[in-house]
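So you can see what is in the structure, the chains are spelled out below.
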Amino acid sequence: MVVFLRRIRLVSLCAAVLPLLILWSCGLARKATHVRPSSADYVKEIESAYHLDRQQRMIIEEAYSWLGTPYAYAMQDKGEGTDCSGMVMAVYRDVAGCLLPRNSAKQAEFCERIEEKDARIGDLVFFATGKDPEKISHVGIIVDPDNFIHASTTKGVVVSKFHTPYYTARLKMYGRVPKHKSGRD
């Protein structure tokens, strides 16, 4: 009888604790796979994990300062709104003093094309999200090996994962902004 009661207590304890453990572990998994919007803490984590140089760190910090900016076609204003190429253009202008072209297709032409294996934090990633599956129409900045920051037409400036079915199917190229070159010459 004593053994039976102990088993009941153990089962009851497990039944009470198990849902809490599941919720707690799901929370940890979410934290591990979801980029937090606290840019200072996140940039410190990325900087130490991936040994960022000064410019990479500044690009990520500036890009993160755009989080939550609403989407607005043909704009690049943190307060009023931005589109994808406008945010990228403003980040590189303000951090690196580089004047990129205004639209994503021209930004792709401006960049040095690189292989995925060579892409690093601060590089650009280009997608064909429009009607033409071959025409580049969207750009973002790589913030870590799994995520990029961009201006979503529905959510504004957000961080998204590369390897979702939507983005994987539309990824066209990775690009590196050349040093000491201006897209507005």
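These figures come from a predicted structure and were not determined experimentally. (Residues numbered from 1 in each chain as written. Predicted model: local features only at pLDDT ≥ 70, side-chain atom pairs only at ≥ 80, totals over all residues. Heavy atoms only, no water.)

Asker: A description of unusual backbone geometry should follow, citing residues and the corresponding values.
Answerer: Phi at H51 is positive, roughly 50°, even though this residue is not glycine. Structurally, H51 can be placed in the loop between α2 (39–50) and α3 (54–64). Of the residues examined, H51 reaches a relative accessible area of 67% and is grouped as exposed. One non-glycine residue with positive phi stands out, namely A74, at about 65°. In this fold, A74 is placed in the loop between α3 and β1 (76–77). By relative accessible area, which is 48% here, A74 ends up partly exposed. (Helix = DSSP H or I, 4+ residues; strand = E, 2+ residues; numbered from the N terminus. Buried < 20%, exposed > 50% of the residue type's maximum accessible area, 1.4 Å probe, protein only.)

Asker: Before we move on, can you summarise the side chain of D144 with the specific residues and values?
Answerer: One can find D144 in strand β5 (residues 138–144). Buried charged residue D144 carries no salt bridge. Nearest counter-charge: K161, at 6.4 Å. Here D146 takes part through its backbone nitrogen, which lies 2.7 Å from a polar atom of the side chain of D144. Within the local environment of D144, its side chain forms a polar contact with the backbone nitrogen of N147, the two atoms lying 2.9 Å apart. (Lys, Arg positive; Asp, Glu negative; His and termini not counted. Salt bridge = Lys/Arg side-chain N within 4 Å of Asp/Glu carboxyl O. Polar contact = N/O pair within 3.5 Å; in protein donor to acceptor, adjacent residues only side chain to side chain.)

Asker: So what about the packing of aromatic side chains? Which residues, and what values?
Answerer: Within the structure shown, the criterion is met by six aromatic pairs. Consider the rings of F162 and Y174, whose centres lie 6.1 Å apart with planes at 55°: the pair is tilted. Residue F162 is found in the loop between β7 (156–161) and α6 (165–170), and its partner Y174 is found in strand β8 (residues 171–176); the two are separated by twelve residues along the sequence. Take F162 and Y174: they sit in the same class, and that class is buried. A centroid spacing of 5.0 Å and a plane angle of 85° characterise the contact between Y166 and Y167, whose relative ring orientation is edge-to-face. Residue class for Y166 comes out partly exposed when judged on its relative accessible area of 39%. (Phe/Tyr/Trp six-rings, centres within 6.5 Å; stacked < 30°, edge-to-face > 60°.)

Asker: I'd love a proper account of helix α4 (residues 84–96), names of residues and values included.
Answerer: Under the 1.5 Å per step criterion, the end-to-end length of α4 is 18 Å for 13 residues, consistent within 8% with the ideal 18 Å. Inspection of α4 places C84, S85, G86, M87, V88, M89, A90, V91, Y92 and V95 among the buried residues, and these make up the whole buried set. Following α4 by one or two positions, G97 has its phi on the positive side, about 70°. (Expected span 1.5 Å × (residues − 1).)

Asker: Can you break down the side chain of S152 residue by residue, with the values?
Answerer: Considering the arrangement of structural elements, one finds S152 in strand β6 (residues 147–152). Polar side-chain contacts of S152 include one of 3.1 Å to the backbone nitrogen of K155. Those residues in contact with S152, other than ones at most four positions away along the chain, are Y71 and V158. (Contact = heavy atoms within 4.5 Å.)

Everything listed here is a matter of coordinates, which is why it stays silent on function.
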